[in-house]
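Chain residues, written in single-letter form:
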Amino acid sequence: MALVTSVRDYINRMLQDISGMKVLILDSETVSNVSIVYSQSELLQKEVFLVEMIDSISASNESMSHLKAVYFVRPTSENVQKLRHQLANPRFGEYHLFFSNLLKDTQIHILADSDEQEVVQQVQEFYADFVAGDPYHFTLNMAANHLYMLPAVVDPSGLQRYSDRVVDGIAAVFLALKRRPVIRYQRTSDTAKRIAQETAKLMYQQESGLFDFRRTESSPLLLVIDRRDDPVTPLLNQWTYQAMVHELIGLQDNKVDLRAIGSLPKDQQVVSLLQYREVVLSSEQDAFFKSNMYENFGDIGMNIKRMVDDFQQVAKSNQNIQTVGTNIASLKLYSCKDVQLLVLVTVIICECFGFTEDMARFVDNYPEYKKMQGNVSKHVTLVTEMSKLVEARKLMLVSQTEQDLACNGGQGAAYEAVTDLLNNESVSDIDRLRLVMLYALRYEKENPVQLMQLFNKLASRSPKYKQGLVQFLLKQAGVEKRTGDLFGNRDLLNIARNMARGLKGVENVYTQHQPLLFQTMESITRGRLRDVDYPFVGDHFQQGRPQEVVIFMVGGTTYEESRCVALQNSTNSGIRFILGGTAVLNSKRFLMDLEEAQRISRSGSHMV
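What counts, and at which threshold
- Residues numbered from 1 in each chain as written.
- Predicted model: local features only at pLDDT ≥ 70, side-chain atom pairs only at ≥ 80, totals over all residues.
- Heavy atoms only, no water.
- Helix = DSSP H or I, 4+ residues; strand = E, 2+ residues; numbered from the N terminus.
- Buried < 20%, exposed > 50% of the residue type's maximum accessible area, 1.4 Å probe, protein only.
- Contact = heavy atoms within 4.5 Å.
- Areas by Shrake-Rupley, 256 points an atom, 1.4 Å probe, with all protein chains shown as cover.
- 1 Å grid on protein atoms, 1.4 Å probe; cavity = no way out; pocket = protein on both sides within 12 Å on 5 of 7 lines; lining within 4 Å.
- Points joined across faces, edges and corners; volume = space filled by probe spheres on them.
- Core = buried A, V, L, I, M, F, W, Y, C linked by side-chain atoms within 4.5 Å.
- Axes fitted to C-alpha atoms, helices over the stretch in contact; angles between N-to-C directions.
- Parallel < 35°, antiparallel > 145°, perpendicular 65-115°, else oblique.
- Left-handed = near helix turned anticlockwise from the far one by under 90°.
- Nonpolar A, V, L, I, M, F, W, Y, C, P; charged D, E, K, R; others polar.
- Pairing = 2+ DSSP bridges.

Engineer: Please clarify how the overall build of the chain should be interpreted in this entry.
Structural biologist: Scanning the chain from N- to C-terminus turns up 24 helices and 13 strands. Taken across its 608 residues, the chain has 51% of its residues classed as buried. By sequence separation, contacts in the chain at least 24 residues apart represent 82% of the contacts at least 6 residues apart. About 29100 Å² of surface is accessible on the chain, with carbon and sulfur atoms providing 51% of the total.

Next up, the structure:
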């Protein structure tokens, strides 16, 4: 059930059977689907010499008949129309058309009618209509992610497009896995119910033959839930590597844009400027990141120190050769037109210094050495920048109060702690807002007077604060809207667990929070997911405990939840979980979605 492998297999099949020089043409969504699992060097190995966007290809008339065009795009009406225009005046020698999801019959007819010159060699559906960031975590990267918070009457066409895209993404995941699931949804979410029902209609009615795979011992489970059932997790600061990078710097399609960091240390300019504009953080391509992505910040620092020490040993062993290289460069022979003379001089100097064997070894190991150098620079740069932000924003102080609000009781002490931080000049506006939101979610019913005092203080201390945003969050995700036991104070089992944890203490005060998703997976594993809270769609019920579960979160997931799934899968419980969502959130994105939903709700109410 590893999604990264499924997507890579699709791309391999797409490219390896087409011989000769190729141009790969993508759209704004499939470019993420491909780039996250396939590197540029791997594309070159498949004889892909050019990667273009479908928009730029459509705008050009330059003939490239020596290239074979491999299209991998979503089957949207816009893309089909662009292809129709391309086929009317073909620029390439051959056209191989691959679509990331189901093509409609009408779209196939349009393409067939447009291919008057018979340049189309094949048309296929390869179901990779999702971004597989990690083996058990995927996203749909939906821009209008706020729509799930709006009632259907506010923007019915927008919500329909939103639902259609989610259904398409879920369908592609199960087609890639060759499974048809039993479907359940969160009862309190109209959006989750709508998506679950439309997914069931597609899989069991409209395309029942396509999803009629070989029956397994137990049907897999698709559970559709709503982000608003756990608004706490995306509001918290993060202290494990992958989640922390996304929270403090930003991680998009496993890439970090370092231009947001500003100036880089001078001693790290050894790597090209291009490499510093964007670096890859992928568990598939970076062994250090793979083994440390779920480690806490303190352990990361020690592990990076060990990596730097190892690199310094390698660099020291190459020092003599590098000195020779510097001496050769000082002779200014690089302007010489005769390359053979330069090589001859290099060999003579190495023999004079007795470095012939070292030189050969250095040349053999040089690619790995440069890769190691870049890796060290990348991780040192990221951790250094995050350390600066932690200190500047007093995040250790802020986070301790956040964790107390999320995990521990004591309304009076919590009010004092939040008030003190609101008065602290070093605490940023976004951190003040998140603290008041966490307090409001935890204690919305306990002391309305003190809650209103915090609202007023927040408004006076943070001029950027959007009036009424905390109240809008409570309207969206308050206690009366939620299904799960978010703070572990409803269910007797959760209350007992929290008491035991309080007596035993926690290993790390900054990572004691567990997402609500942990309880959900635990309930599934133990067969205790309540039908009344998570009803089945139609008459397709679960027979026995599922062995494969896809949990899709409308509104987006977090890397803390992705880590939770990875740790659960490592326990060998007999159930393999995959987590998916409409976006990958950090606190900034969650608040942006909340603000946009509030803005549209206000304008909609004024219209009424």
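Engineer: I'm lost on empty space enclosed by the protein in this one. Help?
Structural biologist: Over the atoms a probe the size of a water molecule is rolled, and this reveals where empty space is left. By the definition in use, this model includes five cavities of 30 Å³ or more. By volume, the second largest cavity amounts to about 100 Å³. Lining the second largest cavity, in full, are Q186, I225, D226, R227, D229, D230, L516, L517, T520, Y534, M553 and E561. Elements with a contribution of two residues or more to the lining of the second largest cavity: β9 (221-226) and α22 (516-525). At three residues, the largest contribution of residues to the lining of the second largest cavity is made by α22.

Engineer: Just to check I follow, could you spell out the nonpolar core for this structure?
Structural biologist: A general feature of soluble globular proteins is that nonpolar side chains tend to end up buried together. F130, F138, M437, Y439 and V470 are the most contacted members of the largest nonpolar core, which totals 104 residues. Take this core: its biggest share by element is twelve residues, from helix α7 (residues 156-177). If we ignore the near neighbours within four places in the chain, the residues touching M437 are L235, L469, V470, L473, L591 and L594. In this structure, V245, F288, F297 and V383 belong to the second largest nonpolar core, which totals 32 residues.

Engineer: When you look at the packing of α7 against helix α8 (residues 190-206) in this model, what are you seeing that I'm missing?
Structural biologist: In a pair of packed helices, the angle between the axes and the distance between the axes together describe the arrangement. The N-to-C vectors of α7 and α8 enclose an angle of 50°; their axes lie 9 Å apart at closest approach. By the angle class used here, α7 and α8 are oblique. For the pair α7 and α8, the sense of crossing is right-handed. Taken together, the residues of α8 that come into contact with α7 (itself represented by L159, Q160, Y162, S163, D164, V166, V167, I170, A171 and F174) are T191, R194, I195, E198, T199, L202 and M203. Here the contact of α7 with α8 is built from residues that sort into ten nonpolar, four polar and three charged.

Engineer: Hey, could you run me through the pairing of strand β1 (residues 22-26) in this one?
Structural biologist: Regular strands show a simple pattern: their side chains alternate between the two faces of the sheet. With respect to burial, β1 is a largely interior element, five of its five residues being buried. Across five bridges, β1 lies against strand β3 (residues 64-73) in parallel orientation. Along β3, the bridge assignment pairs L26 with F72. Bridging between β1 and strand β2 (residues 48-53) involves five bridges; their strand directions are parallel. Each residue of the ladder has a partner; that of I25, found in β2, is E52.

Engineer: How do you make sense of the environment of L473 when you look at a structure like this?
Structural biologist: Along the chain, L473 falls in helix α20 (residues 469-477). Sequence separation of L473 and L441 is 32 residues, and the distance between their C-alpha atoms is 8.4 Å. Ignoring sequence-local partners within four residues, the contact set of L473 consists of P231, L235, M437, L441, G478, F590 and L594.

Engineer: What is the right way to look at unusual backbone geometry in this model?
Structural biologist: Most peptide bonds take the trans form, and the phi angle of most residues other than glycine is negative. Not every positive phi belongs to a glycine, and K178 is a case in point at roughly 55°. On the secondary structure map, K178 appears in the loop between α7 and β8 (182-185). Although it is not a glycine, D253 sits at a positive phi angle of roughly 55°. Residue placement: D253 occurs in the loop between α9 (241-248) and β10 (255-257).

Engineer: Even after reading the chapter, I still don't get the packing of helix α17 (residues 411-422) against helix α18 (residues 429-443), so can you show me in this structure?
Structural biologist: Orientation of α17 relative to α18, taken along the N-to-C sense of each, is 165°, at an axis distance of 10 Å. Considering their axes alone, α17 and α18 lie roughly antiparallel with respect to each other. Relative to α18, α17 is oriented so that their crossing is left-handed. Between α17 and α18, the residues in contact are Q411, A414, Y415, V418, L421 and L422 and R432, L435, V436, Y439 and Y443, respectively. Taken together, the residues of the contact of α17 with α18 break down into nine nonpolar, one polar and one charged.

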